[in-house]
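Here are the chains, one letter per residue:
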Amino acid sequence: DSFNIGTFIGEDRLIRLGNPLCTNDAVVLNATETGATSYKWYKDNVLQLLPPLTSTFPVSAPGTYRVEIYFGSATCFSTGQAVIEYSNPPSIVDAVLVQCDPDLDGSATFNLKTADAVIKNSISGLGEVTYYETLPDAQNLIRPITNLSAYTTVPKTIYAAVANAFGCYNTAKVILQISNNGPIAEQRLTICDLDPDPIQDGIYEFNLSDADVLILT
């Protein structure tokens, strides 16, 4: 009589199961069966043009993957299926930190953790933000900066990485700037002594906030 057996080719990778793949990740489905004479692979019910003895299938895109494994006849075959979903990386944003240079030596000490909230962009469920000297280090999660609360440096750009609930990482720039805390040029306010004669005494009220724009410029 006819029969149908199943083959495990790999686990489903689903968001609802908490195990989707991340962008640029890949997984290899393996349908190898002893005695098989040919394999037919399908993605979303579309036959893939692969050699008949191809027993593995590299997956790099979401979809429903199915295989038919034949054992010497057109009617005797096993089937296997896996559904693959991907999670997008979190939409984090770049940050700018500005610090004073009190001794005017061209460097300043930053608390990098003050950039966490900006980088996370109000997205809930994200993991801890980690910081790196270079973009490749951030992309590969190697050599993180350890002195986060007292990071002394000249002005430059470093990089941050943070993952979503599925472990999918994204990176952002952190621009470290030093403010110009040199002396502000002298500003001058002039006003008339508007006391009526004969009591003009060279004293009159000044509105010091009139100098705000000059000083801030």
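For the structure itself, consult the block above.
As the structure is a computational prediction, the values presented were derived from the model and not from experiment.

A. Here's a closer look at the environment of alanine 117. Mapped onto the fold, alanine 117 is located in helix H1 (residues 116–120). By relative accessible area, which is 62% here, alanine 117 ends up exposed. As for alanine 117 and isoleucine 142, which are separated by 25 residues in sequence, their C-alpha atoms are 22 Å apart.

B. Quick look at the pattern of salt bridges. Applying the stated criterion to the full structure yields 6 salt bridges. Between aspartate 44 and lysine 43 there is a salt bridge, and its shortest N-O distance comes to 3.3 Å. Owing to a relative accessible area of 23%, lysine 43 belongs among the partly exposed residues under this scheme. When the shortest N-O distance is used, the salt bridge between aspartate 137 and arginine 143 registers 2.8 Å. You can call aspartate 137 buried: its relative accessible area is 8%.

Rules of the game
- Residues numbered from 1 in each chain as written.
- Predicted model: local features only at pLDDT ≥ 70, side-chain atom pairs only at ≥ 80, totals over all residues.
- Heavy atoms only, no water.
- Helix = DSSP H or I, 4+ residues; strand = E, 2+ residues; numbered from the N terminus.
- Buried < 20%, exposed > 50% of the residue type's maximum accessible area, 1.4 Å probe, protein only.
- Salt bridge = Lys/Arg side-chain N within 4 Å of Asp/Glu carboxyl O.

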